[in-house]
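Residue strings, one per chain:
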Amino acid sequence: MERTEYNLIIIGGGPAGLAAAVAAFDAGERSILILERENRLGGILNQCIHNGFGLHTFQEELTGPEYAQRYADKVYEREIEYKLDTMVMHIGQGEDGCKHVMAVNEKDGLLLLKAKALVLAMGCRERSRGALNIPGFRPAGIFSAGTAQRLVNIEGYLPGRRVVILGSGDIGLIMARRMTLEGARVLVCAELMPYSGGLKRNIVQCLDDFGIPLKLSHTVVRIEGKERVEGVVIAEVGPDRKPIPGTEEHYDCDTLLLSVGLLPENELTIGLGAQMSRITNGPVVNESLETSVPGVFAAGNVLHVHDLVDYVSEEAGLAGESAAAFIKESGSSPVSRVPVEYSGGIRYTIPCSVDPQHVGKWLKFRFRVGDVMTNRKVVLYLDGRAVITKKRRVMAPGEMEELVLTKKALDEHEGFSSLAIRVEEDV
């Protein structure tokens, strides 16, 4: 067993972990270790060979591997230590306040590591078919969209020739295009909800441009075939999300791709005892992205599922800077808490609470709404006074929303005791 102490350990070497490490280093921290379970840095971006990444961060359009390489190069240039093929098994907190990390890899065996601070950047995983309760056998030909993406882009295999996609998340939409370009025929994309869970640009570029129908308020009710998928039946659902008898449609196909949502990878977080959000399935964090466990920070898809990787990097940069500041200040954390209240269709906000005395130059709130809304305005209130008003012609669950509270506004309302974000009618 190897015992090593670091000031900061970052769990996950994807876009969030890399950005956090770079930001912490640039903030003056030098004792940093990144733990990554794959055999290379970059995380899920390594299999996302389509473009559309980096427009906000680098002001140019990059593929996923190119974006990941930009941040990996920053890590290499700073000579930040990292371990690949390393699985973190457990994290805990000692009586001395230090964080204990148990990890394992083939080269070192069992690793017992200690750190003053942690950044959680484990990303997210796909929901499985088992969570959907679709009747039928367990034939070959059923894949999550992310698995299909890896098979096509990394392994060089085509999962099937006639494809039905359940769910309209961004990965599913992108795989509809990818499978079509590889010679498969995508018959339909069925979505349980009355709106798509993906970005509008992906609906246009991945479905509309290839003539692939998107059927909202539809779901798969039966999978046919025992050895291999031979067909699926989809049906329209009512407001109660239950299939409507008589609306069934049969599709002859050999492949079903599931794009039915993402879940933050938070088994380690839960084991640590951090307070969790029932809405995001991620930890509850403050303005520094610190969890309820002092010195443990979270960013990226492990915190809440993002739509753009650029926002992941920006958020992780704040987590890295905050972790470096925590270490420099010898483990002091803000104790004053103003909860962020929200209403009008907002499902959650990040951060969940704010210390008025601990806010820097600006404070950014990110949130999602629970339904498609038109002609609305988002208003941020401090002590009951409207400080920010942002008009939105259309808001949808698939698009992340944000509000930025500037330093000027903070100074004008110094020591506020209540903060609320509300979606209101724009009349």
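For the structure, see preceding data.
Calculation notes
Residues numbered from 1 in each chain as written. Predicted model: local features only at pLDDT ≥ 70, side-chain atom pairs only at ≥ 80, totals over all residues. Heavy atoms only, no water. Helix = DSSP H or I, 4+ residues; strand = E, 2+ residues; numbered from the N terminus. Rg over C-alpha atoms; globule rule 2.2 N^0.38 Å. Buried < 20%, exposed > 50% of the residue type's maximum accessible area, 1.4 Å probe, protein only. Contact = heavy atoms within 4.5 Å. Areas by Shrake-Rupley, 256 points an atom, 1.4 Å probe, with all protein chains shown as cover. Lys, Arg positive; Asp, Glu negative; His and termini not counted. Charge placed at Lys NZ, Arg CZ, Asp CG, Glu CD. Core = buried A, V, L, I, M, F, W, Y, C linked by side-chain atoms within 4.5 Å. Pairing = 2+ DSSP bridges. Axes fitted to C-alpha atoms, helices over the stretch in contact; angles between N-to-C directions. Expected span 1.5 Å × (residues − 1). Arc of directions from axis to C-beta. Polar contact = N/O pair within 3.5 Å; in protein donor to acceptor, adjacent residues only side chain to side chain.

## Digging into the overall build of the chain
Within the chain one finds eight helices and 27 strands. Whereas a compact globule of 427 residues would reach a radius of gyration of roughly 22 Å, the chain reaches 23 Å, a difference of no more than 12%. Counting every position in the chain, which comprises 427 residues, the buried fraction comes to 53%. Contacts spanning at least 24 positions in sequence make up 62% of the contacts within the chain whose residues lie at least 6 apart. Only carbon and sulfur atoms are counted for the fraction: they give 48% of the accessible area of the chain, which is about 19,300 Å². Averaging the coordinates of the 48 positive side-chain charges in the chain and doing the same for the 57 negative ones gives two points 2 Å apart.

## Digging into the nonpolar core
Core analysis: the biggest nonpolar cluster contains 65 residues, and Leu-8, Ile-9 and Ile-91 have the highest contact counts within it. If near-sequence neighbours (up to four positions away) are discounted, Leu-8 is found in contact with Ala-24, Ser-31, Ile-32, Leu-33, Ala-115, Ala-117, Leu-118, Val-119, Ala-323 and Ile-327. Counting 23 residues, the second-largest nonpolar core is a separate cluster that includes Val-338, Phe-367, Val-378 and Ile-388.

## A closer look at the sheet that holds strand 15 (residues 231-236)
In space, the three strands of this open sheet follow the order 14-15-16, with antiparallel pairing throughout. Edge positions in the sheet fall to strand 14 (218-224) and strand 16 (249-252), since each of these pairs with one other strand and no more. Each strand axis lies, on average, 25 degrees off the axis of its neighbour in the sheet, ignoring direction.

## Remarks on helix 2 (residues 64-77)
Residues spaced three or four apart along an α-helix face the same direction, because each turn holds 3.6 residues. The terminal C-alpha atoms of helix 2 lie 20 Å apart, and with 14 residues this matches the ideal 20 Å at 1.5 Å per residue to within 8%. Every buried residue belonging to helix 2 is among Gly-64, Tyr-67, Ala-68, Tyr-71, Ala-72 and Val-75, and all of these are buried. Angularly, the buried residues of helix 2 cover 130 degrees about the axis, an arc narrow enough to put them on a single face. Buried residues belonging to helix 2 abut helix 1 (15-26), strand 2 (32-35), strand 3 (51-53), strand 4 (62-63), strand 5 (81-83) and helix 7 (309-328). Just downstream of helix 2, Glu-79 is the residue with a positive phi angle, here 55 degrees.

## Examining the side chain of Thr-349
Tracing the backbone through its elements, the reader meets Thr-349 in strand 21 (residues 346-350). For Thr-349, a relative accessible area of 3% gives the class buried. Polar side-chain contacts of Thr-349 include one of 3.0 Å to the backbone oxygen of Pro-351. Non-local contacts of Thr-349, meaning those with residues more than four positions away in its chain, are made with Val-340, Tyr-342, Arg-366, Phe-367 and Ile-421.

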